[in-house]
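Next come the chains, spelled out residue by residue.
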Amino acid sequence: MNLISSSCLLLLRSFSRNIHRRNTHPFISRLYTEGSSQTTVELSKAQLQKLRVQEQRFKRRLHSVHRKFSVVPENSEFQGQHHVYFEDGKGIYRSPLGHDEQEMLEVFNADWGGGGYGTIQRVRLSPSETMLAVAVKKDHHEETRCMLVPLGGVIHCQKALLVLDNVLSFEWATDDVLYYSTQETLRCLCVFRLHLSDSDVETTLVYKEKDPEFFVEVSRSRDQRLVTINCSSKISSEVWFVDSKTPLSFPTLIQSRQPGLLYHVEHSDNYLFILANTGANQEYQLLRAPLASPTMPHWVPLFSAVPGTVIKDMELLQDLCVFTVKDSQCRLQIQTLSTQEPYQLNTHQLPHWACDLSPQRVGTVDRGSFGFLLSSPVHPPVRYLYSSREQKLSVTEDTTKYISLTEFNTTRLQAASQDGTMVPLTLLHMPALSELHKAPLLLHVYGAYGVDLNMAFSPEKRMLMEDGWALAYCHVRGGGERGLAWHRAGSVLQKRRGVEDLAACIQTLHHLGVSHPALTALTARSAGAVLAGALCNHNPQLLKAVILQAPFLDVLGTMQDPSLPLTIEERGEWGDPLIREHWDNIASYCPCHNIIPQLYPSMLITAYSEDHRVPLSGIMKYVERLKKAIQVCTTRDGVNARVPVVILDLQPGGDHFGPEDFHLSLNESARQLAFLYTELDHQKTTETKRKVK
């Protein structure tokens with residue numbers, strides 16, 4: 001039995017947080033940075049040494065800035081009926097409710113499973129707090145396993161009661177019945193029921209998806225009454241449920257899938273509350289149906305978003321719905337709607353700097369409140385609580401004890417795209433807007449899958465802003481910031497719209513006097529690299545440097561190979577190249593297939609050798625074609641200016657979403673910062689400012 005004091009736990013939690021001249025030839029550097037660094041280079045020794053010195057300097061600075069923000073609030077805490085639980089990335093500890101200063105007991109450690117599984121991904125308490133289910137991820141890979149740990153009585157064991165391999169999602173129906181989905185080659189198609197008894201463990205297949213375009217996961221209603229099986233493709237969905245009152249019954253279908261119908265389900269007092277895209281312009285609205293009659297003919301509309309706003313999320317409390325809403329400029333709001341007549345809607349304004357809302361983790365807690373963290377890329381999280389009893393939104397702790405913040409500006413802008421569509425743009429900066437002409441500018445873009453840009457707090461981004469950078473977040477079509485229609489307007493045959501939106505955002509900023517091309521850099525990861533790469537092919541003069549992480553660059557080649565894990569599932573996003581119109585469209589913007597001889601921005605491309613989401617072959621093809629194009633350009637035109645640097649940072653493993661390990665993540669961030677400051681020649685300016693201070 002391991003005991004750990006609360007002060008030691010705080011320290012563990014803070015350190016377990018994951019942290020995204022004249023030449024005639026382009027520089028291609030392939031860096032292997034695990035263990036002793038080996039380099040195959042066309043970079044000069046002096047240039048390599050300069051980058052490495054910069055990287056070490058930024059590692060020291062990043063350690064310092066992470067320590068500075070190590071005690072800001074985070075979603076590492078959840079409650080059961082009798083205890084409060086804390087997670088630190090590898091371990092879970094608990095303490096009796098109301099006894100915060102007592103020593104905490106370790107109830108789980110990721111090392112108990114062995115086999116190189118070391119990072120906690122998902123945690124679920126059973127209803128009466130007798131069992132704990134924890135998913136842990138394999139180091140440097142995406143494989144996960146679920147470990148079940150008994151919590152009753154005094155905990156002596158230092159190993160799991162049961163280990164389930166390749167489990168992605170899971171929920172308790174009762175203390176002895178667990179539903180879980182399995183994942184193979186990134187596909188989730190099957191759901192099982194695990195029944196624990198005193199003498200046996202019985203596993204039963206309860207659902208198997210037949211359509212490879214669908215993805216299956218398990219969730220639970222906030223009142224813990226229903227376990228739901230959610231089957232989703234890019235264009236439709238279908239939900240089944242199991243009532244926890246009859247946990248061994250087979251799932252009941254709510255509404256069969258229909259092309260274009262997307263819906264999600266919550267439950268309260270024998271009614272289903274359904275968020276479905278049956279509203280105006282196929283946006284989400286709230287409907288209600290009796291649990292006994294769940295099909296679509298029984299769905300009764302209760303609420304649609306006010307024109308100009310879109311529903312981003314919903315939490316169902318005891319007697320009201322809490323909606324997270326975004327307006328046309330991507331400002332966040334909280335709206336509450338009573339679930340009983342007369343239906344009363346109230347709007348609660350959030351701070352102007354708020355860019356990200358992260359709901360509090362739900363254990364087996366009171367349903368009368370909704371807790372969440374508000375943050376921005378440069379503002380540390382602040383914990384808020386909405387109480388349905390008091391109908392009041394409040395800050396739950398004094399945030400000034402965490403950090404004294406220098407004042408900064410959050411400016412909401414709009415850029416007119418090529419077809420006249422107004423594209424939201426969020427700019428974070430310290431000097432006034434009129435004083436940003438000489439400021440380095442870092443742009444962020446994603447624009448795929450209907451997913452919003454990640455705008456949660458990042459100590460690295462805070463450090464950049466304090467160094468004088470302006471940070472711009474381009475909410476282009478294809479993302480989810482403006483709702484489902486915004487996503488549709490930038491997917492499949494409309495994917496080029498996102499590239500046009502990105503160009504418009506950059507041009508608008510430059511026109512307003514925010515930086516200029518020689519001081520402008522762009523960062524994107526995964527599918528966001530499609531837009532970044534396409535922009536570099538068509539408008540390379542807008543940028544000086546680009547950072548790409550686990551980039552998707554060969555859309556045409558990947559989508560023509562159905563043997564790859566995600567090809568079939570993602571046709572609803574990119575299109576099907578077997579259809580001639582789709583092939584022509586993808587070929588028109590695919591970064592890898594539109595490289596031409598010209599001067600490109602300098603690039604740092606981070607890839608992972610065993611990444612199953614983005615084939616390494618496509619990245620290597622892109623780098624080689626880019627290298628050749630720059631060589632042709634510089635040889636043909638006799639370029640005297642500084643030739644672009646292209647660095648391929650090839651890391652071992654399959655961490656598509658970046659390293660889980662804090663130190664590896666820090667190393668990756670330090671390399672990116674060293675690259676940015678070197679390429680934009682920002683170091684002298686920063687050092688001068690520090691001397692003045």
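Residues numbered from 1 in each chain as written. Predicted model: local features only at pLDDT ≥ 70, side-chain atom pairs only at ≥ 80, totals over all residues. Heavy atoms only, no water.

Going by an unreviewed UniProt entry, the protein carries the name Prolyl endopeptidase-like and comes from Cyprinus carpio.

1. Re the overall build of the protein
Which entries qualify depends on this criterion: Strands here are runs of E lasting at least two residues and helices are runs of H or I lasting at least four, both read from the DSSP assignment and numbered beginning at the N terminus. Partly exposed residues are those whose accessible area sits between 20% and 50% of the maximum for their type, while under 20% is buried and over 50% is exposed, using a 1.4 Å probe and protein chains only. Areas reported here follow the Shrake-Rupley algorithm with a probe of radius 1.4 Å; residue values treat only the protein chains shown as occluding.
If you tally the helices and strands in the protein, you get 12 helices and 39 strands. Counting only residues that meet the buried cut, the protein has 59% of its 693 residues in that class. A total accessible area of about 28200 Å² is found for the protein, and carbon and sulfur atoms account for 51% of it.

2. Examining the packing of helix H2 (residues 45-68) against helix H11 (residues 662-679)
Each pair of packed helices can be described by the angle between their axes along with the distance between the axes. Just so we agree on the cut-off: Interaxial angles span 0 to 180 degrees and are taken between N-to-C directions of axes, which are lines fitted to C-alpha atoms, for helices over the stretch in contact. Note on terminology: angles under 35 degrees are roughly parallel, angles over 145 are roughly antiparallel, angles of 65 to 115 are roughly perpendicular, and the others are oblique. Rotating anticlockwise by less than a right angle from the far helix to the near helix defines a left-handed crossing, while the corresponding clockwise rotation defines a right-handed one. We call two residues in contact when some of their heavy atoms are within 4.5 Å.
Interaxial distance between H2 and H11 falls to 8 Å at its minimum, and their mutual angle equals 125°. With respect to H11, the axis of H2 lies oblique. Crossing handedness for the pair H2 and H11: right-handed. Two secondary-structure elements touch here, H2 through Lys50, Leu51, Gln54, Glu55, Phe58, Lys59, Leu62, His63 and His66 and H11 through Phe662, His663, Leu666, Asn667, Ser669, Ala670, Arg671, Leu673, Ala674, Phe675, Tyr677 and Thr678.

3. As for the pairing of strand E37 (residues 545-549)
Just so we agree on the cut-off: Strand pairing requires that DSSP identify at least two bridges connecting the strands.
Within E37, 5 of the 5 residues are buried, which leaves the element mostly enclosed by the surrounding structure. Taking every second residue as pointing to the same face, both faces of E37 are buried, with Ala545, Ile547 and Gln549 on one and Val546 and Leu548 on the other. Alignment of strand E36 (residues 520-525) against E37, held across 5 bridges, turns out to be parallel. Of the residues in E37, the one forming a bridge with arginine 525 is glutamine 549. In this structure, E37 lies alongside strand E38 (residues 602-608), joined through 5 bridges in parallel fashion. Looking across to E38, one finds that leucine 548 is bridged to isoleucine 605.

4. With respect to the sheet that holds strand E10 (residues 144-150)
If you trace the 4 strands from one edge of the open sheet to the other, you get E8-E9-E10-E11, paired in antiparallel fashion. One side of each edge strand has no neighbouring strand; the edge strands of this open sheet are strand E8 (117-125) and strand E11 (162-165). Adjacent strand axes in the sheet meet at a mean angle of 25°, parallel and antiparallel pairs treated alike. In terms of strand pairing, strand E9 (residues 131-138) meets E10 through 7 bridges, oriented antiparallel. Residue lysine 137 lies in a different strand from E10, and its bridge partner there is threonine 144.

5. Concerning the pattern of salt bridges
Heads up, the rule is: Counted as salt bridges are all cases of a side-chain nitrogen of Lys or Arg within 4 Å of a carboxyl oxygen of Asp or Glu.
Summed over all chains, the structure comprises 27 salt bridges. For the salt bridge of arginine 145 with aspartate 165, the shortest nitrogen-to-oxygen distance reads 3.0 Å. With arginine 145 in strand E10 and aspartate 165 in strand E11, this residue pair connects regions lying 20 residues apart in the sequence. A relative accessible area of 13% means that arginine 145 is categorised as buried. Aspartate 419 is the salt-bridge partner of arginine 497, the closest N and O atoms lying 3.8 Å from each other. Of this pair, arginine 497 sits in helix H5 (residues 496-511) while aspartate 419 is found in the loop between strand E32 (409-416) and strand E33 (422-429), placing the two residues 78 residues apart along the sequence.

6. Topic: the environment of glutamate 390
Mapped onto the secondary structure, glutamate 390 falls in the loop between strand E30 (379-387) and strand E31 (392-395). In this structure glutamate 390 comes out as exposed when scored by relative accessible area, which is 57%. Along the chain, glutamate 390 and glycine 368 lie 22 residues apart, while their C-alpha atoms are 9.6 Å from each other.

7. Things to note about the packing of aromatic side chains
Put simply, the rule reads: Only rings of Phe, Tyr and Trp enter the pairing, Trp through its six-membered ring, and a pair is recorded when the two centres are within 6.5 Å. The plane angle decides the type: under 30 degrees is stacked, over 60 is edge-to-face, the rest tilted. We count a charge as sitting over a ring when the NZ of a lysine or the CZ of an arginine lies within 6 Å of the ring centre and within 35 degrees of the ring normal.
Counted under the stated rule, the structure contains 13 aromatic pairs. In textbook terms, an aromatic cluster arises when at least three aromatic residues are bridged by ring pairs, as seen for Phe58, Trp469 and Tyr677. The residue whose ring lies beneath arginine 257 is phenylalanine 214, and the NZ or CZ to ring-centre distance is 4.0 Å.

8. As for helix H6 (residues 528-538)
Within H6, 10 of the 11 residues are buried, which leaves the element mostly enclosed by the surrounding structure. Residues Gly528, Ala529, Val530, Leu531, Ala532, Gly533, Ala534, Leu535, Cys536 and Asn537 constitute the buried set of H6.

9. A word on the pairing of E31
In this sheet, E31 lies alongside E30 in antiparallel orientation, the contact comprising 4 bridges. Across the sheet, the residue bridging to tyrosine 384 is valine 395, located in E31.

10. Some details on the side chain of aspartate 88
Test applied: Counted as a polar contact is a pair of N or O atoms within 3.5 Å, where, for protein atoms, one must be capable of donating a hydrogen and the other of accepting one, and residues adjacent in sequence contribute only when both atoms are in side chains.
By the element assignment, aspartate 88 lies in the loop between strand E5 (83-87) and strand E6 (91-96). Here lysine 90 takes part through its backbone nitrogen, which lies 3.0 Å from a polar atom of the side chain of aspartate 88. Engagement of the side chain of aspartate 88 in a polar contact is seen with the backbone nitrogen of glycine 91, the distance being 2.6 Å.

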